[in-house]
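# Analysis of the macromolecular model
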Amino acid sequence: MMSVFRSSRLLRAGVAAAIGMLAALTTAQGEELGPVPQIETEAARVELGKRLFFDRRLSGDAAISCASCHIPERGFSDGLPLSAAYPGSLGFRNTPTLINSAHRAAWFHDGRLGTNLNDVTREMITEDYLMNMDMRLMQERLKQDPVYVEMFAAAGYGEPSNGGVRKAIPEYLKTLISRNSLFDQGAMSDAAQSGFAIFTGVAGCSNCHSGARFTDDEIHNTGVPDNPEIWRDPMRHATFVAYAMFMGVENYMNIRRDPGAHVRGHAADGSDIGTFLTPTLRELTQTGPYMHNGVFATLEEVVDFYNAGGGDDPNKDPRLVPLELSKQQRTDLIAFLQELSGDPLVGPEFVWEEPIPTEYEIIDDWRDTPN
Amino acid sequence: MLKGKRKIVISAIGLAIAVPLLALQAASDENPPLAPLGDPPIPLDNPQTDEKIELGRMLFFDTRLGGDASTACSTCHNQEQGWAFSDDLSRGYPGTVHWRNSQTIINSAYYGKLFWAGSAGSLESQAPSAAKGAVAGNGENDVMEARLAFIPEYRELFDTVFGDVWPRIDNAWRAIAAFERTLVQTDTPLDLFLRGDENALTEQQLRGRELFEGRANCIQCHNGAMATDERYYNLGVPPALRWEEDAAAQITFRFEQIAKGVTEELYREIKDDAGLYYRTKEVSDMGKFRTPSLRYTLYTAPYMHNGAFWDLTEVVEFYNEGGGENEFSENRTDLIQPLGLSDDEIEDLVAFIEAFSGPEIRIEVPTLPPYQPLPNPAD
């Protein structure tokens, strides 16, 4: 079905897609150009994960939930250049969209977690500057909520537990898949169609932005400029220091630049400093500002950046060269990027809309109820 | 399903060992007399200096040494509440309640072991567990240490005091410990009296003293200069009512069982604070707590590890009845027996306990220096 869909779309897009080019648009995982595949999930687990995702009691002081930073109406990002953080801190990176993140092979802008969403969920909940939650306390909070007691049982996880949370939230994340973009429907505007040709052709974007999600899931150095706000604001800089200290970054007090995936690769010659995972290009209309540090507010700025051959960095990917795209070509390219965005994932299918209590119910007859 | 009154059964072996030990102890001990309090011991590896104490004072009041920058040491050790917190169970980190009564830090410098169950060996090692515990400060070393680097006054003081290029979090605990060693009171009416000022105690207090050292026999445990033998006893202090009435307290109660590493089986059954047991995992230590000092107690109500009693009269009435009942009553000390004190005698004893406290200790709350951007070394 996928392949039928793909070829019909390509035909309607009127792009002379050579076989070789299609190969370039195939990710390391063999993901092919076309709609992002939906993932099979189990309803009771998704429902549980959805409620947890919107529940502030999952953070240490019960002030924020996953949805405080990953806001459905903003494509599960937050609309800020640099993310907020747990109270008392501020973030030093842009909040990425969670749409299609279940298809990734590694997570975070630096790709520092390469296992699974179960671990990503734990990281989000326990990280000091994100949700700062002792999961043992979280478990006891959940056990105090009769709705969760029921939902965990219905999901087949037994009583509320850390393990159950780390399974249920990923199950919910798996439902956050792009759908119905004009691109997927083969209904792109003329401008977008010509933008697509530029994207895969002269601009060479598909060297890295390939496959259904438009990412090769690899790291590259594009020379994105620094965001000075990180170093200007002590609350953000302090968060960076805590992160860099924990990740074992050398000389972390004196650097003024996000080392990116160097924290994972630790290349001795520093050649991986400033590399970041290629992000998906789906849902861009909802997820600005752009790049790991939100330095670009608009897609115009992003395209101007690439048109100039990317940023200034000795280790920049050699494929990034000045493109000399005309004004029209740039407008078309942006039209194409915009038509990669589909239906917003809002409404009851994706959002827990019933109120979630902030208080807990007393266990009556406590002395005679086993813990 | 467990039903009915829950009791943790002590193994026969536990009992067999406990009884002869107690007998030995009672036979060999002359109770050290009450004595005036001298200067606190200062550890060789953390000497007091003015700058260190000043730094410690600032850090003690600084909410940034905690997860969400809302809860300082001084939040739960409030000088207007006896350097403790005036509720049965201490307030907790936001979104939580603590599970024990907050202790005063006045004179904590003299204890060999800190906390109600003695789980910390020094003020230096107590402070981080307070700042990091999920229902206390909920901070993490890396974030707290990073924050300190962005406060120029702290950078300077850590450099002067410890020679730190960048403030080190371990040194923050040392500075706080040094500050705590200044929070002592050595001139209570009882100190003055014991140093020879015969007018320092009232007639009523003198009658109370006689009971304390005589018929009421408080001196068995509350002895020496600190009025504590620093041993651990189960007096039968009843479990906290809050656990039956407050959902947040129920949550923390269960969390603490997990955090303290009890077995799955015990986790399911337990409904009371097992105290010293969490450290030793000896069933015979269940429900035992460190004898606290009686100094400064005039200001630290409510009393006992869970704040079960709201004033000193209630405490003395509890002793007068020969203690109480809790989930681990098998471990109750037999040093506590019904006393048969009259109402007047109870008042006398309370008056004497009040002689363990001098005037309230108040200090100026420091103005805390703000964050500043860090200059770029490349500029």
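Predicted model, so just to flag it, every value in this text is computed and none were measured.

Conventions adopted
- Residues numbered from 1 in each chain as written.
- Chains lettered and ligands numbered in written order.
- Predicted model: local features only at pLDDT ≥ 70, side-chain atom pairs only at ≥ 80, totals over all residues.
- Heavy atoms only, no water.
- Helix = DSSP H or I, 4+ residues; strand = E, 2+ residues; numbered from the N terminus.
- Rg over C-alpha atoms; globule rule 2.2 N^0.38 Å.
- Buried < 20%, exposed > 50% of the residue type's maximum accessible area, 1.4 Å probe, protein only.
- Contact = heavy atoms within 4.5 Å.
- Areas by Shrake-Rupley, 256 points an atom, 1.4 Å probe, with all protein chains shown as cover.
- Lys, Arg positive; Asp, Glu negative; His and termini not counted.
- Charge placed at Lys NZ, Arg CZ, Asp CG, Glu CD.
- Domains from an automatic or database assignment.
- Buried area = accessible area lost by both parts, 1.4 Å probe.
- Salt bridge = Lys/Arg side-chain N within 4 Å of Asp/Glu carboxyl O.
- Polar contact = N/O pair within 3.5 Å; in protein donor to acceptor, adjacent residues only side chain to side chain.
- Axes fitted to C-alpha atoms, helices over the stretch in contact; angles between N-to-C directions.
- Parallel < 35°, antiparallel > 145°, perpendicular 65-115°, else oblique.
- Left-handed = near helix turned anticlockwise from the far one by under 90°.
- Nonpolar A, V, L, I, M, F, W, Y, C, P; charged D, E, K, R; others polar.
- Phe/Tyr/Trp six-rings, centres within 6.5 Å; stacked < 30°, edge-to-face > 60°.
- Core = buried A, V, L, I, M, F, W, Y, C linked by side-chain atoms within 4.5 Å.

## Some remarks on the overall build of chain B
The helix and strand inventory of chain B stands at 15 helices and 2 strands. Radius of gyration (C-alpha) of chain B: 22 Å, near the 21 Å computed for a compact globule of 379 residues. By its C-alpha atoms, chain B is 80 × 60 × 35 Å across when sized along the principal axes. Residues counted as buried form 55% of the 379 residues belonging to chain B. Partitioning the intrachain contacts of chain B with sequence separation of at least 6 by distance along the chain shows that 71% fall at a separation of at least 24. In the form shown here, chain B has an accessible surface area of approximately 15,800 Å², with 53% of it arising from carbon and sulfur atoms. Here chain B holds 33 positive side-chain charges and 59 negative ones, and the gap between their average locations is 6 Å.

## A word on the domain arrangement of chain B
Residues and elements named next belong to chain B. Entries for chain B in the domain assignment read domain 1 (50–180) and domain 2 (189–354). Domain 1 and domain 2 are separated by 25 Å when their C-alpha centres are compared. Contacts between the two partners involve 29 residues from domain 1, matched on the other side by 36 residues from domain 2. When domain 1 packs against domain 2, close to 2,700 Å² is buried across both sides, 60% of that on carbon and sulfur atoms. The largest contributions to the domain 1 side of the interface with domain 2 come from W99, Y111 and W116, which together make up 31% of the buried area. Counting every contact that joins domain 1 to domain 2 gives 3 salt bridges. Between D273 and R100 there is a salt bridge, with its nearest N and O atoms 2.7 Å apart. Applying the counting rule to domain 1 against domain 2 returns 11 residue pairs in polar contact (both at pLDDT 80 or more).

## A closer look at the domain arrangement of chain A
Residue and element names in this part refer to chain A. Domain annotation for chain A reports domain 1 (21–37 + 182–338) and domain 2 (43–178 + 346–356). Using only C-alpha atoms to locate each centre, domain 1 and domain 2 end up separated by 25 Å. Note on domain 1 versus domain 2: buried area summed over both sides is about 2,900 Å², and carbon and sulfur give 58% of it. Connecting domain 1 to domain 2 are 2 salt bridges. Put simply, D258 and R93 hold a salt bridge, and the shortest N to O gap is 2.8 Å. For the interface between domain 1 and domain 2, the tally reads 16 residue pairs in polar contact (both at pLDDT 80 or more). Where the side of domain 1 that touches domain 2 is concerned, the elements lending two or more residues are α11 (229–232), α12 (234–247), α13 (262–265), β2 (276–277) and α14 (284–287). The element contributing the most residues to the side of domain 1 that touches domain 2 is α12, with 6 residues.

## Some words on the packing of helix α15 (residues 299–307) of chain A against helix α16 (residues 327–338) of chain A
Residue and element names in this part refer to chain A. At a minimum axis distance of 10 Å, the contact between α15 and α16 shows a crossing angle of 125°. Between α15 and α16, the crossing angle belongs to the class labelled oblique. Between α15 and α16 lies a crossing whose hand is right-handed. Side by side, α15 and α16 meet where L299, E300, V303, D304 and N307 of the first sit next to R330, L333, I334, L337 and Q338 of the second. Its residues assigned to classes, the contact of α15 with α16 comprises 5 nonpolar, 2 polar and 3 charged.

## Focus on helix α4 (residues 123–132) of chain B
All of the buried residues along α4 of chain B are L123, E124, Q126, A127, P128 and A131 of chain B. In this fold, the buried residues of α4 of chain B make contact with α5 (141–148) and α7 (169–180) of chain B.

## Observations concerning the packing of aromatic side chains
Scanning the entire structure with this criterion turns up 38 aromatic pairs over all chains. A centroid spacing of 5.6 Å and a plane angle of 70° characterise the contact between F318 of chain B and Y319 of chain B, whose relative ring orientation is edge-to-face. Grouping residues by exposure puts F318 of chain B and Y319 of chain B together as buried. An aromatic cluster is built from W366 of chain A together with W99, W243, F253, Y277 and Y278 of chain B, whose rings are joined through pairwise contacts.

## Things to note about the nonpolar core
With 49 residues, the main nonpolar core has L48, L52, F53, L58 and V165 of chain A as its most contacted residues. Top element by residues in this core is helix α8 (residues 162–173) of chain A. It accounts for 5 residues. Not counting residues within four places of it along the chain, the set of residues in contact with V165 of chain A comprises L52, L58, T121, I125, M138, L142, F152 and P170 of chain A. Within the second largest apolar cluster, 38 residues are counted, among which are A242 of chain A together with I105, A172 and Y371 of chain B.

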